[in-house]
Amino acid sequence: MSTTRSREPELPVADPVTIRRATPADAATVHMLVRELAAHEGSQDHVRVTAARWAQLLDRDDVVVLVAERAGRALGYTSAVRRLHLWTGGDVLAVDDVYVRPGERDADLGRRLLTAVAGLADPDGLALTWGVEPDNTAAQRFYARLGATLREKVVAGWSPSAYRRCLAAAAVTR
């Protein structure tokens, strides 16, 4: 007597998510994602970079942009800049943005993007640093679950129009 096992129907496998470093050819995609993040944060007026400028930035060794994608569709990104840390005399990788598109959140992409950045920092033993808005408690909980140290710090920004007033006043007093 022979028994024939019925084959289970094959379920379609979802396209895997890949994370890769963006190149100048990805400038339009990166520009679109940056604009989406700015719109999400209500900061569209602050985005002045163009897709053409992104093509130049993505060609720099110190600029890191990682894109998460599935089947060629961008799902999110993280960006960072390698810069000198004067207190240690070494470099840090300063993360600027971590963004996952609506509809793709809660799929572990944020962790995967930051882990991929850590993988780039690890060979040189670079610390990762980034900021988070004080009212973004969900992001703070997420970063704490990753093991990041959170501390309060006020970040000051000085726009050219603001510091030029000080420069003009200093020139008058000379």
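This text goes with the structure placed above it.
Just so you know, the residues in each chain are numbered from 1, in the order the chain's sequence is written. The model is predicted, so local features are restricted to residues of pLDDT at least 70 and side-chain atom pairs to those at 80 or more, both for listing and for counting; the totals for chains, interfaces and linings are taken over all residues. Excluded from the side-chain calculations are hydrogens and water; all other atoms, namely the structure's heavy atoms, are used.

Engineer: Would you take a moment to explain the overall build of the protein chain for this structure?
Structural biologist: We count a stretch as a helix when DSSP gives it H or I for four or more residues in a row; a strand needs E for two or more, and each element gets its number in order from the N terminus. Helix and strand content of the protein chain: five helices and five strands. For 174 residues, the compact-globule formula gives about 16 Å, and the C-alpha radius of gyration of the protein chain, at 21 Å, lies well above that figure. Considering only C-alpha atoms, the protein chain reaches an extent of 105 × 35 × 30 Å along its principal axes. For the protein chain, the share of sequence-separated contacts (at least 6 apart) that also reach a separation of at least 24 residues comes to 55%. In short, Shrake-Rupley with a 1.4 Å probe defines the accessible areas, and a residue's cover is counted only from the protein chains shown. Working note: accessible area of the protein chain is about 12500 Å², and carbon and sulfur atoms make up 53% of it. The sign given to each residue is positive for Lys and Arg and negative for Asp and Glu; His and the chain ends receive no count. A single reference atom marks each charge: NZ on Lys, CZ on Arg, CG on Asp, CD on Glu. For the protein chain, the distance from the average site of its 23 positive side-chain charges to the average site of its 22 negative ones is 4 Å. Restricting the calculation to C-alpha atoms gives the radius of gyration, and the globule rule supplies 2.2 Å times the number of residues raised to the power 0.38. Only heavy atoms enter the contact rule, under which two residues are in contact if any of them lie within 4.5 Å.

Engineer: Is there a simple way to explain the sheet that holds strand S4 (residues 90-100) in this structure?
Structural biologist: Within a sheet, neighbouring strands are paired by backbone hydrogen bonds and run either parallel or antiparallel to one another. Two strands pair under a simple rule: DSSP has to find at least two bridges between them. Strand order across the open sheet formed by five strands is S1-S2-S3-S4-S5, with mixed pairing between neighbours. Each of the sheet's edge strands pairs with one partner strand only, and the pair in question is strand S1 (17-21) and strand S5 (127-129). Put simply, the sheet's adjacent strands are angled 25° from each other on average, direction ignored. Two strands pair when backbone bridges link them, and S1 and strand S2 (residues 63-70) are joined in this way by five bridges, in the antiparallel orientation. Bridged to Arg-20 within S2 is Val-67. Helix axes are fitted only over the stretch in contact, all axes being lines through C-alpha atoms; the angle between N-to-C directions runs from 0 to 180 degrees. The strands that helix H1 (residues 27-41) touches are S2, strand S3 (73-85) and S4; relative to S3, the one it contacts most, it runs at about 90°.

Engineer: Got a minute to help me understand helix H3 (residues 109-121) in this structure?
Structural biologist: Each α-helix winds once per 3.6 residues, and so residues spaced three or four apart point in a common direction. Helix span, as expected, comes to 1.5 Å for every residue beyond the first. For H3, built from 13 residues, the straight-helix expectation of 18 Å at 1.5 Å per residue is met to within 8% by its first-to-last C-alpha distance of 18 Å. The buried label applies to any residue whose accessible area, calculated with a 1.4 Å probe on protein chains only, is under 20% of its type's maximum; exposed applies above 50%, and partly exposed to all values in between. Within the span of H3, buried status applies to Leu-109, Gly-110, Leu-113, Leu-114, Val-117 and Ala-121. For H3, the arc enclosing every buried residue in end-on projection is 135°, short of the 170-degree limit, so these residues lie on one face. Elements in contact with the buried residues of H3: S1, S2, S3, S4, S5 and helix H4 (137-146). As used here, the arc belongs to the directions running from the helix axis to the C-beta atoms.

Engineer: Any chance you could explain the nonpolar core here in plain terms?
Structural biologist: One recurring pattern in soluble globular proteins: nonpolar side chains tend to sit buried together. Note on terminology: a nonpolar core comprises buried Ala, Val, Leu, Ile, Met, Phe, Trp, Tyr and Cys residues joined through side-chain atoms within 4.5 Å. Counting residues in hydrophobic clusters, the biggest one holds 18 residues, and the most contacted among them are Ala-68, Leu-93 and Leu-109. Among the elements of the structure, S2, S3, S4, H3 and H4 are those that each provide at least two residues to this core. Among all residues touching Leu-93, those that are not within four sequence positions of it are Val-64, Ala-80, Val-81, Arg-82, Val-117, Ala-121, Leu-126, Ala-127, Leu-128 and Thr-129.

Engineer: Teacher, can you tell me more about the pairing of S4 here?
Structural biologist: One face of the sheet, then the other: side chains in a regular strand alternate in exactly this way. Of the pairings in the sheet, the one linking S3 to S4 comprises 10 bridges and is antiparallel in character. Bridge assignment links Arg-82 to a residue of S4, and that residue is Leu-93. Between the end of S3 and the start of S4, which pair antiparallel, lie four residues, with Gly-89 showing a positive phi angle near 80°. Direction of pairing for S4 relative to S5: parallel, over a ladder of three bridges. The residue bridging Ala-94 from the neighbouring strand is Thr-129, located in S5. Read as a crossover between parallel neighbours, the route from S4 over H3 to S5 is right-handed. Seen with its strands pointing away from the viewer, a crossover is right-handed if its path from the first strand over the helix to the second goes clockwise.

Engineer: How should I be thinking about the packing of aromatic side chains in this particular structure?
Structural biologist: Each aromatic ring pair is described using two quantities: the centre-to-centre distance and the angle formed by the ring planes. Pairing of aromatic rings covers Phe, Tyr and the six-membered ring of Trp, with a centre-to-centre limit of 6.5 Å; geometry is then stacked below 30 degrees between planes, edge-to-face above 60, and tilted otherwise. All told, the structure shown has four aromatic pairs when counted by the stated rule. Among the aromatic side chains, those forming a connected cluster through ring pairs are Trp-130, Phe-142 and Tyr-143.

Engineer: Could you clarify how one ought to interpret the environment of Arg-48 in this entry?
Structural biologist: Within the secondary structure, Arg-48 sits in the loop between H1 and helix H2 (51-57). We classify Arg-48 as exposed; its relative accessible area is 69%. For the pair Arg-48 and Arg-35, spaced 13 residues apart in the sequence, the C-alpha separation amounts to 9.7 Å.

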